[in-house]
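Observations on the model geometry
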Amino acid sequence: MTTTSQTPPVPEPTPNPRPATSTALPTLAAAKSQAKRLRERLAAEDMPISHGHALELVAHQHGFRDWNAFHAAIGNRPPDAFVPGGRVQGRYLGQAFDATILAVDMLRPGWFRLELDLDNAVDVVSFDSFSNFRKRIRGTVGPSGLSRERSSVGQPHLEIDL
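Residues numbered from 1 in each chain as written. Predicted model: local features only at pLDDT ≥ 70, side-chain atom pairs only at ≥ 80, totals over all residues. Heavy atoms only, no water.

Concerning the overall build of the protein chain
Quick note on the threshold: Going along the chain from the N terminus, every DSSP run of H or I of four or more residues is numbered as a helix, and every run of E of two or more is numbered as a strand. Each residue's exposure class comes from its accessible area (1.4 Å probe, protein chains only) as a fraction of the maximum for that residue type: buried when under 20%, exposed when over 50%, partly exposed otherwise. Throughout, a contact is declared for two residues whenever any of their heavy atoms are within 4.5 Å. Shrake-Rupley sampling with a 1.4 Å probe provides the accessible areas, and residues are treated as covered by the protein chains on show and by no other component.
Along its length, the protein chain carries three helices and five strands. Listing each helix as α and each strand as β along the protein chain from the N terminus yields α-α-α-β-β-β-β-β. Each of the 162 residues in the protein chain was classed as buried or not, and the buried ones make up 31%. Once local pairs closer than 6 in sequence are excluded, the contacts in the protein chain between residues at least 24 apart make up 42%. Put simply, the protein chain shows about 10700 Å² of open surface, and 53% of that area lies on carbon and sulfur atoms.

Spelled out as structure tokens, the structure:
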């Protein structure tokens, strides 16, 4: 009598877990910034890697097989708060604000024109003897949340915290 041993069934490989919704994904600028910080941290620990390798590692951390798949999932979408009615925080002419977004226009990938209704008006004049308060502002910000326009001291006019 011969006995046959049964090998246990091999479990199916589980796919890489992906976030349930796209809201869990960072923006493209945030993902690239994460890769840059990872690369710098590993270099500081005497384990240098290429920027491309850092991008791949970030993609894997978010459950994607490679950077190309991750990049396609992220796209050049606006940050989650960049929708009418969304809430943002930042600085306008160096003054902190909280605001509601009234309108958003994508000018080109990564660049957005925002119209904001500030919770509290900010003074847009730096003279002590004169004031001009604004409660609604419009500005264009890039992938890092900063406007291209700068003050005379080099500070971006509009800074959105991403």
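Observations regarding the confidence of the model for the protein chain
Predicted coordinates in areas of low pLDDT are best not read in detail. As a reminder of what qualifies: pLDDT is a per-residue confidence score from the predictor, ranging from 0 to 100.
Averaged over every residue, the pLDDT of the protein chain is 80; residues scoring 70 or more account for 81%. Residue range residues 13-23 is modelled with pLDDT below 50. Its contacts to residues more than four positions away, or to other chains, number 15 contacts.

Focus: the packing of aromatic side chains
What counts here: Two rings from Phe, Tyr or Trp (for Trp, the six-membered ring) form a pair when their centres are within 6.5 Å of each other. A pair whose planes differ by under 30 degrees is stacked, one over 60 is edge-to-face, and the rest are tilted.
With the rule as written, the count across this model stands at two aromatic pairs. Note on F64 and F70: the rings are 5.2 Å apart at their centroids and 40° apart in plane angle, and the pair reads as tilted. An identical accessibility class is assigned to F64 and F70; each is buried. Measuring from ring centre to ring centre gives 5.6 Å for W67 and F70, while their planes differ by 75°; the resulting arrangement is edge-to-face. Here W67 and its partner F70 are both found in helix α3 (residues 67-74), three residues apart, which amounts to about one turn of the helix.

Concerning the environment of L57
If you trace the backbone, L57 turns up in helix α2 (residues 51-61). The class for L57 is partly exposed, based on a relative accessible area of 28%. In this structure L57 touches L38 and I49, once residues within four positions along its chain are discounted.

What about the sheet that holds strand β3 (residues 111-123)?
Quick note on the threshold: Strand pairing is defined by DSSP finding a minimum of two bridges between the two strands. The convention used is that axes are lines fitted to C-alpha atoms, helices contributing only their stretch in contact, and that angles between N-to-C directions extend from 0 to 180 degrees.
Read across the sheet, five strands follow the order β4-β3-β2-β1-β5 without closing on themselves; strand pairing throughout is antiparallel. Across the chains shown, the open sheet's two edge strands, defined by having one partner strand only, are β4 (133-141) and β5 (158-160). Averaged over neighbouring strand pairs, the angle between their axes works out to 40° when direction is ignored. Two elements, strand β1 (residues 87-92) and strand β2 (residues 95-108), share six bridges in a ladder whose sense is antiparallel. When the sheet's bridge partners are listed, R91 is paired in β2 with A96.

Brief notes about the side chain of H62
Selection criterion: Counted as a polar contact is a pair of N or O atoms within 3.5 Å, where, for protein atoms, one must be capable of donating a hydrogen and the other of accepting one, and residues adjacent in sequence contribute only when both atoms are in side chains.
Note that H62 resides in the loop between α2 and α3. Here Q34 takes part through its side chain, which lies 3.3 Å from a polar atom of the side chain of H62.

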